[in-house]
Amino acid sequence: MDRNPSPPPPGRDQEEEEVAGGDCIGSTVYSKHWLFGVLSGLIQIVSPENTKSNSDDEEQQTELDEEMENEICRVWDMSMDEDVALFLQEFNAPDIFMGVLAKSKCPRLREICVGILGNMACFQEICVSLSSDKNLGQVLLHCLYDSDPPTLLETSRLLLTCLSQAEVASVWVERIREHSAIYDSICFIMSSSTNVDLLVKVGEVVDKLFDLDEKLMLEWVRNGATQPLDQPQEESEEQPVFRLVPCILEAAKQVRSENPEWLDVYMHILQLLTTVDDGIQAIVHCPDTGKDIWNLLFDLVCHEFCQSDDPPIILQEQKTVLASVFSVLSAIYASQTEQEYLKIEKDLPLIDSLIRVLQNMEQCQKKPENSTESNTGETKKTDLTQDDFHLKILKDILCEFLSNIFQALTKETVAQGVKEGQLSKQKCSSAFQNLLPFYSPVVEDFIKILHEVDKALADDLEKSFPSLKVQT
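Residues numbered from 1 in each chain as written. Predicted model: local features only at pLDDT ≥ 70, side-chain atom pairs only at ≥ 80, totals over all residues. Heavy atoms only, no water.

Engineer: Explain the pattern of salt bridges to me, using residue names and the numbers behind them.
Structural biologist: Tallied over the entire structure, the rule returns 18 salt bridges. For Glu174, the salt bridge is made with Arg177, and the minimal N-O distance between the two is 2.4 Å. In this pair, Glu174 and Arg177 are both assigned in helix H12 (residues 169-178), 3 residues apart and thus about one turn of the helix distant. Judged by its relative accessible area of 37%, Glu174 is partly exposed. Here Arg256 and Asp299 are joined by a salt bridge, their closest N and O atoms 2.7 Å apart. Separated by 43 residues along the polypeptide, Arg256 in helix H16 (residues 244-258) and Asp299 in helix H19 (residues 287-303) bring together distant segments of the chain. Through salt bridges with shared partners, a single network forms among Glu174, Arg177, Asp213 and Glu219. (Salt bridge = Lys/Arg side-chain N within 4 Å of Asp/Glu carboxyl O. Helix = DSSP H or I, 4+ residues; strand = E, 2+ residues; numbered from the N terminus. Buried < 20%, exposed > 50% of the residue type's maximum accessible area, 1.4 Å probe, protein only.)

Here it is, written out as structure tokens:
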């Protein structure tokens, strides 16, 4: 890892002696004897004699000897090798690390031990073995209550690795469900941390959990609903009631302040919430939060992502986050149109953004046809198919949202859009090209309003789309 450079490797003479003596771990040049020594040192650190200390020793317990830190960091680096990870498993190293996590007060030592377990869990056989250990599972989940950001980061990485293994994912989901305090801990991290690396990793864990188990998602959405929405939290002297959606919003704001491109995971969490009624209600029934989410997403699509001065190909990088953002905006728009923050004057900038993304999509889909490289045609066809799949999802979301906005347009708003250029002939043509024929009634109603505002423009559009003239 970037912040944990390995100390210098052993000298060549030492390595040759170890190889000659059959001291190597698997096919590596790492020494079994050396590793035994490091693990024995760890055992000594958490031995009963060392853990019984007075107040004078407590400060020393929170610090890690530089030589020991270097050696354990080397084990951390080594554990990315499968032979080393398997050897650690056979030597019952996870039990040693569990002892450290249960007894040590040293943040750096705890971080490294969780990091080593996280590397080991990347290998399926070891992941299954680690996941089957209930005691280890309890200790690791307890690490989510830690106050040390690096330890929290490594714990989140380990959990995400386990949740990504189909064979053991359900085990971890159930454990997390049984530990209700994990909800509070994760919400606290999302609402208060300024460590963007940690926020992104915790977001990935939440996203994976919700993707795996809708029931857990609903439980977490309803957790904060135990307190009436109109009751101020200040009235109670007890622990604050965390509501999931405001915590997600705070994390998203913090992530955006450092790098908007990392917002993907939090936008997808919000999108998952909108797939269930309770999730949508949690967003729109809390006026301040609903307004803040709407304004954040509105600003992202109108001023951040896929802008007019960006090359069309930028859509390939932003298609997944745009799909999530527009999906959430569309869900809020469709479910709570009476809210003050959804005033009609915001429709025109949204229309402009929606059409701009659709226009860029057309450019992206045309580009491969102009390629002069024919010898890689099969590979490009595969890539294009995958791109088309994600772009189609985005297009479906855009068209549904655009049709809902078109249905809400008044004569005054259409006149303003024509005047300001959001509803120019070119942009209307792009919109119609994507909305027809599936949303024909919506387009036909829009043309009727446009006839009253700018008959010449309406006539021109009817000439370009003959199927509309019969209906008007």
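Engineer: Outline the packing of aromatic side chains, listing residues and values.
Structural biologist: With the rule as written, the count across this model stands at 12 aromatic pairs. For the pair Phe432 and Phe446, a centre-to-centre distance of 5.9 Å together with 80 degrees between the ring planes defines the contact as edge-to-face. On the criterion of sequence distance, the pair formed by Phe432 in helix H24 (residues 425-435) and Phe446 in helix H25 (residues 440-453) is long-range, its members being 14 residues apart. The exposure class of Phe432 is buried, given its relative accessible area of 0%. Note on Phe438 and Tyr439: the rings are 5.0 Å apart at their centroids and 80 degrees apart in plane angle, and the pair reads as edge-to-face. Exposure remark for Phe438: the relative accessible area of 69% places this residue in the exposed category. Here Tyr439 falls in the buried class, since its relative accessible area comes to 17%. Among the aromatic residues, those joined into a cluster by ring pairs are Trp294, Phe326, Tyr333 and Phe401. When the ring centre of Trp34 is taken as reference, the NZ or CZ atom of Arg74 above it lies at 4.6 Å. (Phe/Tyr/Trp six-rings, centres within 6.5 Å; stacked < 30°, edge-to-face > 60°. Lys NZ or Arg CZ within 6 Å of the ring centre and 35° of its normal.)

Engineer: So what about helix H26 (residues 455-464)? Which residues, and what values?
Structural biologist: Among all positions in H26, only Leu457, Ala458, Leu461 and Glu462 are buried. The buried residues of H26 occupy an angular sector of 135 degrees when projected down its axis, which confines them to one face. For H26, the exposed residues lying more than 90 degrees away from the buried face are Lys455 and Lys463. (Arc of directions from axis to C-beta.)

Engineer: Which residues make up the nonpolar core, and what are the values?
Structural biologist: Grouped together as the largest cluster of nonpolar side chains are 152 residues, with contacts concentrated most on Tyr266 and Phe432. Top element by residues in this core is helix H20 (residues 314-335). It accounts for 11 residues. Not counting chain neighbours up to four residues away, the residues in contact with Tyr266 comprise Met190, Leu199, Val200, Val202, Gly203, Ile248, Ala251, Ala252 and Val255. (Core = buried A, V, L, I, M, F, W, Y, C linked by side-chain atoms within 4.5 Å. Contact = heavy atoms within 4.5 Å.)

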